[in-house]
Amino acid sequence: MFNMGMLMEQIQAEITALQNRLENTTFEGAAHEGKVKAWANGLQMLVALDVSPEIIRGLPPAELSEAVVAACNAALKQARLELNKEIARLTGGNLELGRYPNLD
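Reference entry: report on the structure contained in this document. On a predicted model such as this, the values are computed, not experimentally measured, just so you know.

Our next topic: the pattern of salt bridges. Where side chains of opposite charge bring their charged atoms close, a pairing between them can arise. By the definition in use, this model includes five salt bridges. In this structure, Glu33 and Lys35 form a salt bridge, with 3.9 Å as the shortest nitrogen-oxygen distance. For Glu33, a relative accessible area of 74% gives the class exposed. With its nearest N and O atoms 3.2 Å apart, the salt bridge here joins Lys35 to Glu54. You can see Lys35 sitting in the loop between β1 (26-31) and β2 (36-41) and its partner Glu54 sitting in helix α2 (residues 53-58), a full 19 residues away along the chain. Each of Arg21, Glu86 and Arg89 takes part in a single network of salt bridges with overlapping partners.

Written out as structure tokens, the structure is:
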């Protein structure tokens, strides 16, 4: 006999496990020949940023800002792709979150 309660518990356990995996997985993005790096976790949160001192001293503020944004976006894009892959795995490919056509 079908047990809806057990199914819901199994789904919740899968979601919790996925959240834990994504929270503990990091994705790196880089810009300006790797001199600006950003890391995001699979939950789409920035967790670290590294900017080479030579870039800080050598770039105008506007270019430095652009490099930081580019590195962050690259890391977040990788995290988003992984999230979509995991969601597709859980849903059989019927749901995709965070799709931004101009970034894919």
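Okay, back to it.
Here we come to the nonpolar core. Counting residues in each nonpolar core, the largest one holds 14 residues, and the members touching the most others are Val36, Ala38, Val51, Ile55, Leu64 and Ala71. Secondary-structure elements contributing two or more residues to this core are β1, β2 and α3 (61-91). Residues within four places of Val36 in sequence aside, it is in contact with Gly29, Ala30, Ala31, Leu49, Asp50, Val51, Ile55, Ala67, Val68 and Ala71.

Glancing now at α3. Because the α-helix completes a turn every 3.6 residues, residues three or four places apart line up on one side. Along its 31 residues, α3 runs 44 Å from first to last C-alpha, staying within 8% of the 45 Å computed at 1.5 Å per residue. All buried positions along α3 are accounted for by Leu64, Ala67, Ala71, Cys72, Ala75, Ala79, Arg80, Leu83, Asn84, Glu86 and Ile87. Those residues of α3 hidden inside the fold are in contact with α1 (4-23), β1, β2, β3 (46-51) and α2. A positive phi of about 75 degrees marks Gly92, the residue just after α3.

Between α1 and α3, the shortest axis-to-axis distance is 12 Å and the interhelical angle comes to 165 degrees. Classified by the angle their axes make, α1 and α3 are roughly antiparallel. The handedness of the crossing between α1 and α3 is right-handed. On α3, the residues touching Glu14, Leu18, Arg21 and Leu22 of α1 are Glu82, Leu83, Glu86, Ile87, Arg89 and Leu90. Tallied by class, the residues present in the contact of α1 with α3 amount to five nonpolar, no polar and five charged.

With that settled, the discussion passes to α1. The end-to-end C-alpha separation of α1 is 28 Å, in line with the 28 Å expected for 20 residues at 1.5 Å each. At the N-terminal boundary of α1, the capping side chain belongs to Asn3, with an oxygen 3.0 Å from the backbone nitrogen of Gly5.

Calculation notes
- Residues numbered from 1 in each chain as written.
- Predicted model: local features only at pLDDT ≥ 70, side-chain atom pairs only at ≥ 80, totals over all residues.
- Heavy atoms only, no water.
- Salt bridge = Lys/Arg side-chain N within 4 Å of Asp/Glu carboxyl O.
- Buried < 20%, exposed > 50% of the residue type's maximum accessible area, 1.4 Å probe, protein only.
- Helix = DSSP H or I, 4+ residues; strand = E, 2+ residues; numbered from the N terminus.
- Core = buried A, V, L, I, M, F, W, Y, C linked by side-chain atoms within 4.5 Å.
- Contact = heavy atoms within 4.5 Å.
- Expected span 1.5 Å × (residues − 1).
- Axes fitted to C-alpha atoms, helices over the stretch in contact; angles between N-to-C directions.
- Parallel < 35°, antiparallel > 145°, perpendicular 65-115°, else oblique.
- Left-handed = near helix turned anticlockwise from the far one by under 90°.
- Nonpolar A, V, L, I, M, F, W, Y, C, P; charged D, E, K, R; others polar.
- Polar contact = N/O pair within 3.5 Å; in protein donor to acceptor, adjacent residues only side chain to side chain.

No statement about biological role is implied by the geometric values presented.
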